[in-house]
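A structural walkthrough
Now for the letters of each chain:
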Amino acid sequence: MADQPRVLIVDDDEDILVAARLMLKREGILCHTETRPDRIPQLLKDGSFDAVLLDMNFAIGANTGREGFQWLKRIVEIDATLSVVLITAYGDVGTAVEAMKQGAADFVLKPWQNERLLATLSSALKLTASRREAQQSAATTKELASAVMDGTPNTIVGSAPAMARIFALLDRAAPTEANVLILGENGTGKEVIAREIHRRSKRRDQVFVSVDLGSVSESLFESELFGHKKGAFTDAKEDRVGRLVAANGGTLFLDEIGNLPLYLQSKLLSVLEQRVVIPVGGTKPIAIDVRLVSATNMPLDQLGREGVFRQDLLYRINTVELHLPPLRDRADDIPALVEHFVAIYARKYNMPAKKVAPAALPRLMAYRWPGNVRALRHAVERAMILSGGALLEAEDFSLPSTSGQAPAAAPVSAAPAANGALVLDTLDLEAVEREAIRRALAKHQGNISHAAQDLGITRASLYRRMEKHGL
């Protein structure tokens, strides 16, 4: 059973080990016995123990307890939450006091009374559980602090017919426990919708944890989601709570879930089915209760291709699907969105709220906004900062000269070289950059993370260049 306590008993007397093992077995306590103290570090690394019964003298004729104190210090260094009960045939009050000072949970004299040993061990097990609960709470708090966004607005603005359908689905799906998959282009507001689902759910008073899988390196996916134990790999210098455990009781939002590697998709499916998580390098399962909201910019038919995403996991995460419309399909919402963002950045930069010039609105509504609402928000922020008057003119938004197109650039012709590389017949750096970005996006079907990796730049940098070139 997963909840049975496990105790490591270290003593060079085989009779002591047999007696302790038989007594504790009757109490439902799992025991591992060991005669060699030098094996303690490896045993603690390989197994998960809740307490240690440690003899204080191992060398023939020794009675000072020095060895016991040395190994006590080593155990505390390995796992400070683990309770250690020292046992010895040579003890007095001074030895007991010194043991407690150095981190022992208690001190027992040989030959012991079974009732006394059981009571001592029971207290030690409770102390370990209490320490680990406190450590878990502190780690969870730390993880949540890094998971919470920095005040990003969560207001949904929109009255266009395309958004009315989204609101209707939200009304029905949010109060349930159904897993939700949000589909839509980059910048359409998938996280805003995810937070709204949480706000309207029965879990509204619990935590909302967001993970952008597009910004996590593949080597850290498992640690990010499931957590890890100290020493599980080279850089694991301390225990880390995974986002699944950090979101316990609340909602976990996995953005760009299409980036999750296949080998981890099976692990995530197992977690969702069994409702338990085992950290990397750990052995004990941790029970969780989370509602999953996922998002991707991949079209559903592409996500469902063999070798891209597991069908059984896809069925599990998309009990309800929400398809967010691009901003070009809800242009009537642009005036309200601009007004909303103007108010936000007026407060942020402590400046008067500015009005949009009447002539600017038609241009804003005619532009196709390749970056969707995110690009509009950035454009408004830039306009608020750079505008010198009380009105925001069209020029303040840095729109391309022609609606929906990038500024005119030199013609570009491209042909593959003999080695497959791309050769551009132009010396216009702007045009070369735009063409490289366009081809990378086409190659990866619009997946920003993969395109950015191919180009050797960050996602944020790619977003800026897409805005710059109107892509």
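Summarised in this report is the structure supplied together with it. (Residues numbered from 1 in each chain as written. Predicted model: local features only at pLDDT ≥ 70, side-chain atom pairs only at ≥ 80, totals over all residues. Heavy atoms only, no water.)

1. Quick word on a nonpolar patch on the surface
- There is a patch of nonpolar side chains on the surface, built from Tyr349, Ile385 and Leu386 and spanning about 290 Å² of accessible area.
- Its location among the elements puts Tyr349 in the loop between α13 (334–348) and β15 (355–356). (Patch = residues over 30% accessible without salt bridge, like charges linked within 9 Å, V, L, I, M, F, W, Y side chains within 5 Å. Areas by Shrake-Rupley, 256 points an atom, 1.4 Å probe, with all protein chains shown as cover. Salt bridge = Lys/Arg side-chain N within 4 Å of Asp/Glu carboxyl O. Helix = DSSP H or I, 4+ residues; strand = E, 2+ residues; numbered from the N terminus.)

2. Some details on the nonpolar core
- One finds Leu213, Leu244, Leu252, Leu254, Ile257, Leu268 and Ile317 to be the most contacted residues of the largest nonpolar core, which totals 33 residues.
- Elements with a minimum of two residues in this core: β6 (180–183), β7 (208–212), α8 (221–226), α9 (243–246), β10 (251–255), α10 (262–274) and α12 (311–317).
- Among the elements that line this core, the one with the most residues is α10, at five residues.
- By size, the runner-up hydrophobic cluster in this structure holds 28 residues, among which are Val157, Val342, Ile344 and Ala375. (Core = buried A, V, L, I, M, F, W, Y, C linked by side-chain atoms within 4.5 Å. Buried < 20%, exposed > 50% of the residue type's maximum accessible area, 1.4 Å probe, protein only.)

3. Some details on the pattern of salt bridges
- Following the criterion strictly, the structure yields 27 salt bridges and no others.
- For Arg195, the salt bridge is made with Glu191, and the minimal N-O distance between the two is 3.4 Å. On the criterion of helical spacing, the pair formed by Arg195 and Glu191 is a turn pair, its members being four residues apart in helix α7 (residues 190–199).
- Residue class for Arg195 comes out buried when judged on its relative accessible area of 19%.
- In the salt-bridge network here, residues are joined through shared partners; they are Asp50, Asp79, Arg132 and Lys284.

4. Focus on the packing of aromatic side chains
- Under the counting rule described, the total for this entry stands at three aromatic pairs.
- Here the aromatic rings of Phe208 and Phe253 are separated by 6.3 Å at their centres, their planes lie at 25°, and the arrangement is stacked. Taken together, the residues span a long stretch of sequence, with Phe208 in strand β7 and Phe253 in strand β10 at a distance of 45 residues.
- The class for Phe253 is buried, based on a relative accessible area of 0%.
- For the ring pair Tyr367 and Trp369, a centre distance of 4.7 Å and an interplane angle of 80° mean the geometry is edge-to-face. Of the two residues, Tyr367 and Trp369, neither departs from the other in class, the shared state being buried.
- The ring of Phe49 carries the charged tip of Arg6 above its face, separated from the ring centre by 4.7 Å. (Phe/Tyr/Trp six-rings, centres within 6.5 Å; stacked < 30°, edge-to-face > 60°. Lys NZ or Arg CZ within 6 Å of the ring centre and 35° of its normal.)

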